[in-house]
Amino acid sequence: MSLSRYGFIVKAPDLEMFKHHGRIKSEGFDLAVSGVSNLEEAIMAAQEMLTRRIELIELCGGFTAEEEAQIREAINDHVPLGRAVIRPEDQGRIQWP
C-alpha cells in the first residue's frame, strides 16, 4: 500500500504547537504540518499525528539526532520517522535561531 498521509514538524523558537499548524490535502495526498518551539512540543505533535493516522513523520533540519531518537521512542517507532539533514558544507551558511 502506498503512503498518502504525511506529517512534518518544524522547530523555531517562536512557534507554538497549538497556534502554528496546518494541512495540505488533495484526493491522494494529506500533509499535516506542526510548528513547535521545543522537544516536548515536538513529541506531543508527533503523538497527535498518530491519532490522525499519519503514516510517515518528517522532522526539519533544526532537530538533532538525539531529539529524533527521543521522538521515535515517544511514538514507540509506530511509523517511520525521518529528519532533514543539512550537508556539512552548507552548515556554515546557516544561522540557526
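Check the entry above for the structure.
First things first, this report covers the structure right here in the doc.

About the criteria used
Residues numbered from 1 in each chain as written. Predicted model: local features only at pLDDT ≥ 70, side-chain atom pairs only at ≥ 80, totals over all residues. Heavy atoms only, no water. Helix = DSSP H or I, 4+ residues; strand = E, 2+ residues; numbered from the N terminus. Rg over C-alpha atoms; globule rule 2.2 N^0.38 Å. Contact = heavy atoms within 4.5 Å. Buried < 20%, exposed > 50% of the residue type's maximum accessible area, 1.4 Å probe, protein only. Arc of directions from axis to C-beta. Axes fitted to C-alpha atoms, helices over the stretch in contact; angles between N-to-C directions. Parallel < 35°, antiparallel > 145°, perpendicular 65-115°, else oblique. Left-handed = near helix turned anticlockwise from the far one by under 90°. Nonpolar A, V, L, I, M, F, W, Y, C, P; charged D, E, K, R; others polar. Pairing = 2+ DSSP bridges.

Concerning the overall build of the protein
Turning to step 1, where the next piece is worked out: Scanning the protein from N- to C-terminus turns up three helices and five strands.
Turning to step 2, where the next piece is worked out: Counting from the amino terminus, the protein carries its helices and strands in the arrangement β-β-β-α-β-α-β-α.
Turning to step 3, where the next piece is worked out: Computed over the C-alpha atoms, the radius of gyration of the protein is 13 Å, within 12% of the 13 Å expected from 2.2 N^0.38 for a compact globule of 97 residues.
Turning to step 4, where the next piece is worked out: Along the longest, intermediate and shortest principal axes, the C-alpha atoms of the protein span 40 × 25 × 25 Å.
Turning to step 5, where the next piece is worked out: If you take every contact in the protein between residues at least 6 apart in sequence, the share linking residues at least 24 apart comes to 63%.

Describing helix H2 (residues 65-74)
Since one α-helical turn is 3.6 residues long, residues separated by three or four positions face the same way.
Turning to step 1, where the next piece is worked out: Restricting attention to buried positions, one finds in H2 the residues Glu67, Glu68 and Ile71. The buried residues of H2 occupy an angular sector of 100 degrees when the element is viewed end-on, so they sit on one face. What points out from H2, more than 90 degrees from its buried face, is the exposed set Glu66 and Glu73.
Turning to step 2, where the next piece is worked out: The inward-facing, buried residues of H2 abut strand S1 (5-11), helix H1 (39-51), strand S4 (56-59) and strand S5 (81-83).
Turning to step 3, where the next piece is worked out: Asparagine 76, located one to two residues past H2, shows a positive phi value of around 55 degrees.

Let's talk about the packing of H1 against H2
Turning to step 1, where the next piece is worked out: Axis separation between H1 and H2 bottoms out at 9 Å; the angle between their running directions is 40 degrees. Here H1 lies oblique to H2, going by the angle between them. In the crossing of H1 with H2, the sense of the turn from one axis to the other is right-handed. Taken together, the residues of H2 that come into contact with H1 (itself represented by Leu39, Ala42, Ile43, Ala46 and Gln47) are Glu67, Gln70, Ile71 and Ala74.
Turning to step 2, where the next piece is worked out: Of the residues in the contact of H1 with H2, the class split is six nonpolar, two polar and one charged.

Some details on the pairing of strand S3 (residues 30-36)
Turning to step 1, where the next piece is worked out: The element S3 is extensively covered by neighbouring structure, given that six of its seven residues are classed as buried.
Turning to step 2, where the next piece is worked out: Note: strand S2 (residues 21-25) against S3, five bridges, orientation antiparallel. In the sheet register, histidine 21 faces S3, and the bridge partner there is serine 34.
Turning to step 3, where the next piece is worked out: Here S2 folds back onto S3 in antiparallel fashion, the turn holding four residues.

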